[in-house]
Structure formats: C-alpha cells, structure tokens
Amino acid sequence: MIGDRWGVTAAEIARRYPCDDFVMDPVLQAWRGVTVHATPEVIWPWIGQIRLGPYSYDWIDNIGHRSPQEQRNLPEPALGQYFTTAAGRPLVSVGDLVMARRQLRNLKRLAETSTTAGLS
C-alpha cells in the first residue's frame, strides 16, 4: 500500500514488538521511523508528550496551538489510557505519512537538543 512505511527497514518491520501481544489483528499497519541520537531515557519523555500535542503541523491538527517545546514531566502512561489515536482507515496512511514524518522529525530535534544542552 502506498504510504504504509517511511524510514524503516524490512528487518524492523519483520521484528516482533511487545505491543504485538496486545494487538493481534491490527486494522492497519503504518510503519514510521527516524534515527535519534539520544538515549531511550531522553527520548521517552518526548514521546510521552504526544498526549499533550501532536508535534506535527500544529496549525492543522492542533487547532493552531503549539505543541510544548519543553518537557512537562508527565507521569508514565497507565495501562488502558489513551496515548494517541489514529483513524485506522487505509487511505489515512497516505496523509499520515506527511504528518508522522513531521512529528518524528520534531521529536528527534527536541530529544537531540535536550541531550546536547544537558537537559536529560
């Protein structure tokens, strides 16, 4: 399908992930990836902040509100808590490709900037 992957290898797609134990039969698989030069401990808080903003094109998918550019020290996500949502329709993956690419690049920039600034 067009738009189903960006920035990932065939090996990464074939790999088994912990979430595979919870989502046995996904409606849609859209693969997105970016290499971030920071430790998981630095990256994870930024990923967790997707609960606060989309970190993509805020003027489109966040009604013009800017996603936080500083860490907010959120608690760890709880089991069953919404983290982020997607529509789950195959046609969405083409549009999502553009949005997810922007999101991942923004999170990469923020994580790498906080690493170089010693903010981890």
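Check the entry above for the structure.
Residues numbered from 1 in each chain as written. Predicted model: local features only at pLDDT ≥ 70, side-chain atom pairs only at ≥ 80, totals over all residues. Heavy atoms only, no water.

**Thoughts on the nonpolar core**
Nonpolar side chains in soluble globular proteins tend to end up buried together. Core analysis: the biggest nonpolar cluster contains nine residues, these being Ala 38, Val 42, Ile 43, Trp 46, Ile 50, Tyr 55, Leu 107, Leu 110 and Ala 111. When contributions to this core are tallied by element, the ones reaching two or more residues are α2 (40-48) and α4 (92-116). (Core = buried A, V, L, I, M, F, W, Y, C linked by side-chain atoms within 4.5 Å. Buried < 20%, exposed > 50% of the residue type's maximum accessible area, 1.4 Å probe, protein only. Helix = DSSP H or I, 4+ residues; strand = E, 2+ residues; numbered from the N terminus.)

**Here we look at the pattern of salt bridges**
The tally for this structure, following the rule as stated, stands at five salt bridges. Arg 16 is paired through a salt bridge with Asp 21; the nearest N and O atoms lie 2.6 Å apart. Arg 16 gets classed as exposed once you look at its relative accessible area, which sits at 55%. The salt bridge partner of Glu 70 is Arg 72, with a shortest N-O separation of 2.7 Å. Salt bridges sharing partners connect three or more residues here, namely Arg 16, Asp 20 and Asp 21. (Salt bridge = Lys/Arg side-chain N within 4 Å of Asp/Glu carboxyl O.)

**Focus: the side chain of Glu 112**
Mapped onto the secondary structure, Glu 112 falls in helix α4. Within the structure, Glu 112 has its side chain in polar contact with the backbone nitrogen of His 37 (distance 2.7 Å). For Glu 112, the contacting residues outside a window of four places in its chain are Thr 35, Val 36 and His 37. (Polar contact = N/O pair within 3.5 Å; in protein donor to acceptor, adjacent residues only side chain to side chain. Contact = heavy atoms within 4.5 Å.)

**Quick notes on unusual backbone geometry**
Of all residues except glycine, most have a negative phi; of all peptide bonds, most are trans. Phi is positive for Tyr 55, close to 60°, though the residue is something other than glycine. Assignment of secondary structure puts Tyr 55 in the loop between α2 and α3 (58-61). The phi dihedral of Asn 73 falls on the positive side, at around 55°, and the residue is not glycine. Tracing the sequence through the fold places Asn 73 in the loop between α3 and α4.

**What about the side chain of Gln 49?**
Mapping Gln 49 onto the fold places it in the loop between α2 and α3. A distance of 2.5 Å separates a polar atom in the side chain of Gln 49 from the backbone nitrogen of Arg 72. When sequence neighbours within four positions are dropped, the list of residues in contact with Gln 49 reads Tyr 55, Pro 68, Glu 70, Gln 71, Arg 72, Asn 73 and Leu 74.

**Description of the packing of aromatic side chains**
Under the defined criterion, the tally for this structure stands at two aromatic pairs. When the ring of Tyr 17 is compared with that of Trp 31, the centres are 6.0 Å apart and the planes differ by 45°; the resulting orientation is tilted. Of this pair, Tyr 17 sits in the loop between α1 (10-14) and β2 (31-32) while Trp 31 sits in strand β2, placing them 14 residues apart in sequence. In this structure Tyr 17 comes out as partly exposed when scored by relative accessible area, which is 22%. Exposure remark for Trp 31: the relative accessible area of 19% places this residue in the buried category. Aromatic pair Tyr 57 and Trp 59: ring centres 6.4 Å apart, planes at 75°, arrangement edge-to-face. (Phe/Tyr/Trp six-rings, centres within 6.5 Å; stacked < 30°, edge-to-face > 60°.)

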